[in-house]
Amino acid sequence: MELTTLNIPAVALRGMTVFPALTISFDAEREISIFALDHAMDSDRRIFLVTQKDIGTQQPQEDDLFTVGTVCRILHIIKTSDSSVRVVAEGEQRARIHRLWQTKPFLQANVELLEEELPGRQTDRVEALLRQTYAIFGAYRDLVPNLSEELASTILDSRDPGYLADYIAQNVTLRHTDRQRVLEELHPVRRLMLVNEILAREVNVISMELRLEQRVRERVSRLQKDTILREQVKVLRQELGEDEDEELTEYAQWIEKAKVGDEVRKKLMKELDRLGKQPYGSAEASVIRNYLDVCLDLPWGKRTRDRSDVERARAVLDRDHFGLEKVKEQVLEFIAVRQINPEAKGKILCLVGPPGVGKTSIAISVAKAMNRKLARLSLGGVRDEADIRGHRKTYIGAMPGRIIEALTRAGSMNPLLVLDEIDKLGSDLRGDPSAALLEVLDSEQNHSFRDHFLEVPVDLSQVMFITTANTLSTIPRPLLDRMEVIELGSYTDEEKVEIAKRHLLPKQRKEHGLRKSQIHISDGALRAIIADYTRESGVRVLERQLGKLCRKAAMQIVSKDVKQVNITESELKELLGVPQYREPEREGKDQIGVVNGLAWTEVGGELLEVEANAVTGSGKLELTGNLGLVMQESAKAALSCLRSRTAELGIEEDFYKTKDIHIHFPEGAVPKDGPSAGIAITTAILSALTGRKVRSTVAMTGEVTLRGRVLPIGGLREKTMAALRNGITTVILPKDNVKDLEEIDQTVRKALHFIPVETVDAVFAAALAPQSCHAAVEHLAALSSAPENRPEVRHGDQL
């Protein structure tokens, strides 16, 4: 079969498809289209019309066009404006693009004319297909009532499957991609089957659209009916003399009575006017009611009268808490200032300390002492800024932030707000809540705090804020600058005994239904519980252990008919089990290469032994015991310090070449870090190199430099308590830490002898025991002898 090709001007149609034997009218505006039409009119009026794939393309290329289009004859061209014409053309034959060989000034394509496949004779199958088409079109006509009678009669009178398919595809509203599929099908029967499939889908879609439209119409009709009925009710009320709605009147009275500023009152009245214009039951009316309820629930103008009696406030604080003198002093100072100046701004305190030392409970006691309402906010894990500032009221489920909610709970505009766990604030893509707190905790700005939900200023300047944290390292610096930080250290054992006797034991007796006469715990038992069954900075575990003893006592009273249970130290093992934290037995004698260091942990101070061993080798330095980078650097600095003082200290100049030094910290599973073990490491190495023993009753803490200076450290209070607990009598500390001794408990200060030092020379003089010349010679000979000719020596193995 010979192929027929043509070189013919082409026009790219947007959203339209032309079929053979059918007439089409379209407007042309693009220059390339108008030039192509002019060129066709100058020749044989024939033009190739093809559909664009993307209607937005202005300068179509060959890839932007479908491959099959229609060769048409132009019937008329009418100029509609200076830049557009209307074209009437009649389709002649399908054609396929071989190549689009010209794109400027107009499109010109080489096309291949396509012949339709012969459908064969009329069969029953074709007749059934035609009837199916008439039925589907009838259903479509029922759903789309605006179809012309001429269109319907033409379709129902046609018996040619190919023409019928083309006619329906061009005159029924279809997507241009579906029309293109019909155009590309050359077999008439298959083409009509494709049209039936597309038309049936359109019937289903239109039916669903009509059902949805009917549902919407019914719903709107119900709302209109409700609105009309409510308007009628309003008219009837007016006829009866009830001019104002009862709900609106009630809101207006509340607003009138509220002690709010002009700006707030104006905002509330505006919202009330909007509520009056809304249909009852509408979503917007519910939002406005919720907003008015939240605003009017705030304690506008309500304030509690602060207690101005300092001595009564002191009595309340002393009654509820033992110790914590710094916090009490700060609160009493604030009460004194308020007594002189009642208009003073609220105070912002930050209580920092380990868990269980009473940060939250002291805040509750402060509220009692000052006669203020209390509200507590837990900020641990808060990651959304809206939790602080609230949500915009236009959002579904919007609510005010936690600050406004706390004011509502407190029922006062000058409460004490406890912001618990402020160091555990987080941040994510929803914002940074710590940044929102900057305005809340700034006494110069919070007099006009605006919550996103309320959108009106709220005065927080009279609110007293107390925040609690376990560490300052995670609190952003701008937020920390707005707070007055008070550090709460660990309790001493004696303080814990007093707290247990005054507060914990009475509380547990009450919770377990025991009278004071039914249970008695001796002071020795309390000290044993603290030393052997708890290891903490606070008293939470101690309280749990006392609760366990109360339960044991209750069991004995009920089952053994005992009137009083006396608990002594000897009975603790039977009641509480094996001691969990018994201190390891110390040998109590001076040793070579073993030094008592002091460390700070989250649960208090610890005695940290440092062991050093020096053996013949190649100058290696071995560090073990799960040490952090800072502690490893301290060991290297200690070794360099000793190398620079070999002549003064009486050690060999080349010891760093001929001796392997091993430094070990026991309890290797526990991570250790920090610079405060510097002088302990230096002393241990010197002891191992010279054979001088270290006094077992001496403990030390301090950072060492390459020049042998001793620098200050932190956590001295906890470290000294650990020294006393472990039987130490002398503590060596940096001279710059002498000022911190004022913070140490008086019991600890009386029991320990403190030696402040500035250089490692003073450390060596205080820590190392004197050694005879004979012993020193023997030790140096043992270190310098060959390994195979000397007995095994393991300094520092004894713990």
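This structure is a prediction, so every number in the text was calculated from the model and none was measured. All residue numbers refer to position in the chain's written sequence, counted from 1. Residue-level local features of this predicted model are given only where pLDDT is at least 70; pairs of side-chain atoms are given and counted only at 80 or more, and the full residue set underlies all totals for whole chains, interfaces and linings. With hydrogens and water excluded, all non-hydrogen atoms of the structure serve as input to the side-chain values.

**Student:** Which parts of the structure should I look at to understand the sheet that holds strand β13 (residues 484-487)?
**Tutor:** Adjacent strands of a sheet pair through backbone hydrogen bonds, lying either parallel or antiparallel. Any two strands between which DSSP finds at least two bridges are classified as paired. Labels follow the DSSP assignment, with helices taken as runs of H or I lasting at least four residues and strands as runs of E lasting at least two, numbered in each case from the N terminus. What the five strands build is an open sheet, ordered β8-β9-β12-β7-β13; its pairing is parallel. Every interior strand has two partners, whereas the edge strands, β8 (374-378) and β13, have only one. On average, each strand axis in the sheet is inclined to that of its neighbour by 20°, with strand direction left out of account. For strand β9 (residues 416-420) and strand β12 (residues 464-469), the ladder comprises four bridges, and the chain directions are parallel. Only the stretch in contact is used when fitting a helix axis, every axis being a line fitted to C-alpha atoms; angles between N-to-C directions are given from 0 to 180 degrees.

**Student:** Looking at this model, I keep getting lost on helix α8 (residues 262-277). Mind explaining?
**Tutor:** Multiply 1.5 Å by the residue count of a helix minus one, and that product is the helix's expected span. Its 16 residues give α8 an end-to-end C-alpha distance of 23 Å, which sits within 8% of 22 Å, the value for a rise of 1.5 Å per residue. Taken as a whole, α8 has its buried residues at Val264, Lys267, Leu268, Glu271, Leu272 and Leu275. Buried residues of α8 fall within an arc of 140° about the axis and therefore sit on the same side. Residues Asp262, Lys266, Lys270 and Lys277 are exposed on α8 and point more than 90 degrees away from its buried face. For this analysis, residues touch if any pair of their heavy atoms sits within 4.5 Å. Elements in contact with the buried residues of α8: α7 (246-257), α9 (283-297) and β11 (457-458). Burial classes: relative accessible area under 20% of the type maximum marks a residue as buried, over 50% as exposed, and values in between as partly exposed (1.4 Å probe, protein chains only). The arc in question is formed by the directions pointing from the helix axis toward the C-beta atoms.

**Student:** What is the right way to read the environment of Lys328 from this model?
**Tutor:** Here Lys328 is to be found in helix α11 (residues 325-340). Remark: the alpha-carbon pair of Lys328 and Ser158, spanning 170 residues in sequence, is separated by 102 Å. Excluding residues within four positions of it along the chain, Lys328 makes contact with Leu317, Asp318, His321, Phe322 and Gly323.

**Student:** When you look at the packing of aromatic side chains in this model, what are you seeing that I'm missing?
**Tutor:** Aromatic ring pairs are described here by two measures, namely the spacing of the ring centres and the angle between the planes. Working definition: a ring pair exists when centres of Phe, Tyr or Trp rings (six-membered ring for Trp) sit within 6.5 Å. Plane angles under 30 degrees give stacked, over 60 give edge-to-face, the rest tilted. Overall, the coordinates contain three aromatic pairs when judged by the stated rule. Between Phe655 and Tyr656 the ring centres are 6.2 Å apart and the planes differ by 85°, which places this aromatic pair in the edge-to-face class. With a relative accessible area of 2%, Phe655 lands in the buried category. What makes Tyr656 partly exposed here is its relative accessible area of 29%. Put simply, a charge is over a ring when the Lys NZ or the Arg CZ is close to the ring centre, within 6 Å, and near the line of the ring normal, within 35 degrees. Lying across the ring of Tyr656, Arg643 places its NZ or CZ 3.6 Å from the centre.

What is shown is where atoms sit, not what they do.
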